[in-house]
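The primary structure of each chain is shown beneath.
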Amino acid sequence: MKVNEIDLEKFLKSVLPEPELYEVLITAQNISEKRGEFLYFAGGVVRDYFLKTLYKRKVPKIKDLDLVLQGNLENFLKEFLKKVKGESLFKSQFLTYKVKLDLNGKEFLIDFITARKEIYEDVAKLPKVFPSDFRDDILRRDFTINALLIGLSFPYKGILIDLVNGMEDLKEGLIRPLHIYSFIDDPTRIFRGIRYKVRLNFEFSKEFFLALERCFEKSALKKLSGTRLANELKLYLNKEPEKNLEKLLKTTFNLNIFEKAGIKTEKNFFDSIVRHLKELKEELNNKEKEKFFLLSLVSPESLQNACRLGFSEPEIEKIKKHLEIIKELLEKWKKLSLWEKIKVFERIPVPYLLALSVYFPRIRKDVVNFLKKYRKIKPELTGDELIKLGVNEGKEIGRLLELLRKEKIEGKVKTKEDEKNFIAQFLLNKSKN
Ligand code: CTP
């Protein structure tokens, strides 16, 4: 066990995103010392601190704070929440509590974690957890660079503890699992490792590849649940800088992870997926982005695989139907009018439509224009106004609004005045017939 004294105040001031948190942590420190329980930081916050201070690397500001207690967390929090403004939001099955603090009106979340030991009884299944000491808590972790600890209270206050040569790996820029069965226990660590490699521009150690081989031998990735697999892939999208996405996908593909997880994926789609996400950022909500992203990772020839990423059977059947429709239209795509294309697109949910345009580049430009422009074009006149202009109530209103929309999309009608004239002309023709 390597121990080194550090400047605790400097560490706290550097890592805490809000200065008000300093006092809160001193309160937590005092309570843990009074109770004789060891409180410490571990994981990303310690890793990023050393990357920043020792190696002058740029690291993102932390958004959430993890604090670990070797002791009775429930009782600790009861005392803690008497002294600071905040509340415990929920307790997880892994002996952790999410606490919301009120820092003079500003909200901040801290994850309080019980120092624990994990026992993996089954390949790729969630572990059983037991309260334990800081040693077990460090040794249960994914990579050496995430297994550094900084003590906030007695007996290791202001002490950096390095049980697994994490500092050395930080210096060397290496992603090293703590043992070669690590990915059998928890295959999600492979995706985490890939994120760290790309984010920090590190390399995989040889143990990473050994652990990967072991994981493949046991088919552990196939045993990982669809929800957990999808969640890990969504983190590529939601937790990492946008510019890293293509590299993340390529690294995952080159390590053969998709195939081993039961998804046939096409490497040459990656560029198109990334471009779509960039180009249509403003047009899509987060759910749509995620669905599109996951679906387009599945090759169109093996859409059945989408069930590995959380798509239900009926959903897959629907996607297949839309795919067949587009496939049939492809031959004569160029001959279709803009309005005809729009009518096809409108029937397809946005995430599926985007994935189809990755599968079939011929429709790509039209899909982008549809989402960015045409789907937003609507007549200015309302149903009520049409009635005032003399249109009969009932189905005709809907038909005319749709007709106005078509005229507008085709550029034949531009202003509200044009719309009124169009309706007047329509009514005139009608009265003549
Ligand atoms: N961890 C692990 N295995 C997992 C998930 C998490 O060992 N499958 C451990 C790691 O030590 C990690 C810590 O739990 O450092 C906290 O996980 P998380 O909050 O996801 O990561 P951070 O450490 O905060 O790092 P970052 O968010 O920057 O990825």
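Bear in mind the structure is a predicted one, so any value in this text is a computation, not a measurement.

Description of the overall build of the protein chain
Working step 1: Along its length, the protein chain carries 22 helices and 12 strands.
Working step 2: Scaling as 2.2 N^0.38, a compact globule of 433 residues should have a C-alpha radius of gyration of about 22 Å, whereas the protein chain reaches 28 Å, well beyond that.
Working step 3: Within the protein chain, the fraction of its 433 residues that count as buried is 33%.
Working step 4: Expressed as a percentage of contacts within the protein chain between residues at least 6 apart in sequence, the contacts between residues at least 24 apart total 65%.

Concerning the sheet that holds strand 9 (residues 148-151)
Working step 1: Strands sit in the order 1-10-9-2-3-6-5-4 across an open sheet of 8 strands; the sheet is mixed. Either end of the sheet is taken by a strand with one partner, and the two such strands are strand 1 (2-5) and strand 4 (86-91). Going from strand to strand, the sheet's axes swing by 30° on average, the running direction of each strand aside.
Working step 2: Together, strand 2 (38-42), strand 3 (65-70) and strand 9 form the strand contacts of helix 3 (residues 44-53), whose direction differs from that of strand 9 by roughly 95°.

Side note on helix 15 (residues 286-295)
Working step 1: Within helix 15, 7 of the 10 residues are buried, leaving the element largely enclosed by the surrounding structure.
Working step 2: Close packing links the buried residues of helix 15 with helix 11 (226-238), helix 14 (270-279) and helix 18 (350-359).

Here's the deal with the domain arrangement of the protein chain
Working step 1: Per the domain assignment, the segments of the protein chain are domain 1 (2-171), domain 2 (173-261), domain 3 (287-375) and domain 4 (383-432).
Working step 2: For domain 2 versus domain 4, the distance between C-alpha centres works out to 57 Å.

Examining the site of the ligand
Working step 1: Every residue lining the ligand is accounted for by Gly43, Gly44, Asp66, Arg141, Asp142, Asn146, Asp186, Thr188, Arg189 and Arg192.
Working step 2: A total of 3 residues in the shell around the ligand trace back to one element, the largest contributor, which is helix 8 (residues 188-200).
Working step 3: Partitioned by chemical class, the residues of the shell around the ligand number no nonpolar, 4 polar and 6 charged.
Working step 4: Here the shell around the ligand spans two domains, since at least three of its residues come from each of domain 1 (2-171) and domain 2 (173-261).

Looking at the nonpolar core
Working step 1: By size, the foremost hydrophobic cluster in this structure holds 96 residues, and its most contacted members are Tyr40, Val46 and Leu149.
Working step 2: With 8 residues, the single largest contributor to this core is helix 18.
Working step 3: Those residues in contact with Val46 that sit more than four places away from it in its chain are Phe41, Leu148, Leu149 and Ile150.

A short note on the packing of helix 15 against helix 18
Two measures define how a pair of helices packs: the angle their axes make with one another and the distance between the axes.
Working step 1: As a packed pair, helix 15 and helix 18 sit with axes 8 Å apart at the nearest point and diverge in direction by 35°. In the crossing of helix 15 with helix 18, the sense of the turn from one axis to the other is right-handed. Note on element contacts: helix 18 touches helix 15 through Val350, Pro351, Tyr352, Leu354 and Ala355, opposite Glu288, Lys291, Phe292 and Leu295.
Working step 2: Split into classes, the residues belonging to the contact of helix 15 with helix 18 amount to 7 nonpolar, no polar and 2 charged.

Thoughts on unusual backbone geometry
Working step 1: Backbone torsion omega between Phe154 and Pro155 reads 10°, so that peptide bond is classified as cis.
Working step 2: For Pro155, the position within the fold is in the loop between strand 9 and strand 10 (159-162).
Working step 3: Phi is positive for Leu95, close to 65°, though the residue is something other than glycine.
Working step 4: By the element assignment, Leu95 lies in the loop between strand 4 and strand 5 (96-103).
Working step 5: One non-glycine residue, Asn256, adopts positive backbone phi at about 70°.
Working step 6: Accessibility expressed as a C-beta count within 10 Å gives 12 for Asn256, which makes it exposed.

Criteria and thresholds
- Residue positions are given per chain, counting from 1 as you read along its sequence in written order.
- Given that the model is predicted, a residue must reach a pLDDT of at least 70 before its local features are reported, and side-chain atom pairs must reach 80 or more before they are shown or counted; all residues, however, enter totals for whole chains, interfaces and linings.
- Secondary structure counts use DSSP, requiring at least four H or I residues in a row for a helix and at least two E residues in a row for a strand, with both numbered from the N terminus.
- Note on method: radius of gyration uses C-alpha positions; expected globular size equals 2.2 Å times residues raised to 0.38.
- Every C-beta atom is placed from the backbone, and the number of other C-beta atoms within 10 Å of a residue's own sets its class: buried at 20 or more, exposed at 12 or fewer, partly exposed in between.
- By definition, residues are in contact whenever their C-beta atoms, placed on the basis of the backbone, come within 7 Å of each other.
- At least two DSSP bridges between two strands are required for those strands to pair.
- Comment: axis = line fitted to C-alpha atoms, over the contacting stretch for helices; angle = value between 0 and 180 degrees taken between N-to-C directions.
- Segment limits for the domains were obtained from an automatic or database-derived domain assignment.
- Being near a molecule or strand means, for a residue, that its backbone-placed C-beta atom lies within 6 Å of it.
- Note that Gly is not counted as nonpolar here; it falls among the polar residues with everything else outside the nonpolar set of Ala, Val, Leu, Ile, Met, Phe, Trp, Tyr, Cys and Pro and the charged set of Asp, Glu, Lys and Arg.
- Any set of buried Ala, Val, Leu, Ile, Met, Phe, Trp, Tyr and Cys residues joined through C-beta atoms within 7 Å is what this text calls a nonpolar core.
- By the definition used in this description, the sense in which the near helix is turned from the far one sets the handedness, with an anticlockwise turn below a right angle giving left-handed and a clockwise turn giving right-handed.

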